[in-house]
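# Observations on the three-dimensional arrangement
Here's the letter readout for the chains.
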Amino acid sequence: MALLIALEIILTRFLSIETPTLRIGFGFLPVAIMAILYGPWWTGAAGVVGDLVGMMLFPKAAFFPGFTLTAFLTGMIYGLFLYKKPITWKRTFVAVSSVNVICSLCLDTLWLSMMYRDSFLVLLPMRLVKAAIMIPVATVLIYLVWTRAISKAVPALR
């Protein structure tokens, strides 16, 4: 789990495209893998650890606890949909869509509007475009990485 947390920090903090109000990256992938392997509670806790460690070691902006809550909920949602369940296209799509709508579009936009004192509705259009792009990308990547790589590499995980 520590390896996946470290991978999430690297993918989120270093290998993503970032503006003050938008981040496009692949940090969702290790979180989804943790959710499949360890379930909602452990993945939620790992999301908190990853957010706090990433913020302490590589700060990009002021700390805001709302984003830590979002990291916890992201792990929980992925875990609720993917833990001990068959990983199908539909299940993966619903999990990714739920995370994007609840966490990214609603909560993160709310936190950003509170931090920067911008209107929620001003931030929302750009974040809707990001969600429209990232939902299919994340769905395909999570499904393919799990079914083609990880579950085949470790047969006990099937």
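Anything mentioned here points back to the structure above.
## Comments concerning the pattern of salt bridges
- Summed over the entire model, instances satisfying the criterion amount to 3 salt bridges.
- In this structure, the salt-bridge partner of Glu 18 is Arg 23, at a minimum N-O distance of 3.1 Å.
- Under the relative-accessibility criterion, Glu 18 is labelled partly exposed at 31%.
- Between Asp 108 and Arg 127 there is a salt bridge whose closest N-O contact spans 4.0 Å. Residue Asp 108 is located in helix H5 (residues 89-116), and its partner Arg 127 is located in helix H6 (residues 120-153); the two are separated by 19 residues in the primary sequence.
- Within the structure, one salt-bridge network assembled from shared partners comprises Glu 18, Arg 23 and Lys 60.

## Points about unusual backbone geometry
- Phi is positive for Lys 84, close to 55°, though the residue is something other than glycine.
- Summarising the element assignment, Lys 84 is placed in the loop between helix H4 (65-82) and H5.

## Regarding the nonpolar core
- Among the nonpolar cores identified, the biggest contains 29 residues, and Phe 28, Tyr 78, Leu 82 and Ile 142 are the most heavily contacted of them.
- Going through the elements one at a time, helix H1 (2-13), helix H2 (28-38), H4, H5 and H6 are the ones with two or more residues in this core.
- Filtering out sequence-adjacent residues up to four positions away, Ile 142 remains in contact with Phe 28, Leu 29, Ala 32, Tyr 78, Thr 92 and Val 96.

## Concerning the packing of aromatic side chains
- Following the criterion strictly, the structure yields 6 aromatic pairs and no others.
- Between Trp 41 and Phe 72 the ring centres are 6.2 Å apart and the planes differ by 50°, which places this aromatic pair in the tilted class. You can see Trp 41 sitting in helix H3 (residues 40-57) and its partner Phe 72 sitting in helix H4, a full 31 residues away along the chain.
- Judged by its relative accessible area of 23%, Phe 72 is partly exposed.
- Here Phe 64 and Trp 111 contribute two aromatic rings whose centre-to-centre distance is 5.9 Å and whose plane-to-plane angle is 50°, an arrangement assigned as tilted. Residue Phe 64 is located in the loop between H3 and H4, and its partner Trp 111 is located in helix H5; the two are separated by 47 residues in the primary sequence. Trp 111 shares its class with Phe 64; the two are buried.
- Members of the aromatic cluster, each reached through a chain of ring pairs, are Phe 64, Phe 67 and Trp 111.

Here is what the cut-offs are and how they apply
- Residue indices begin from 1 for each chain and proceed along its sequence in written order.
- Totals for whole chains, interfaces and linings use all residues, but because this is a predicted model, local features are given only for residues with pLDDT of at least 70 and pairs of side-chain atoms are given and counted only at 80 or more.
- Here the side-chain values reflect all heavy atoms present in the structure, with hydrogen atoms and water set aside.
- One side-chain nitrogen of Lys or Arg within 4 Å of one carboxyl oxygen of Asp or Glu is enough to make a salt bridge.
- For every residue, the accessible area (1.4 Å probe, protein chains only) is compared with the maximum for its type, and the residue is labelled buried under 20%, exposed over 50%, or partly exposed between those bounds.
- Secondary structure elements are taken from DSSP: a helix is a run of H or I of four residues or more, a strand is a run of E of two residues or more, and numbering for both begins at the N terminus.
- Only buried Ala, Val, Leu, Ile, Met, Phe, Trp, Tyr and Cys residues count toward a nonpolar core, and they belong to the same one when joined by side-chain atoms within 4.5 Å.
- The contact definition used throughout considers only heavy atoms, calling two residues in contact when any of these lie within 4.5 Å.
- Here is the rule: rings of Phe, Tyr and Trp (six-membered ring for Trp) pair when centre to centre is within 6.5 Å. Planes less than 30 degrees apart are stacked, more than 60 are edge-to-face, and the remainder are tilted.

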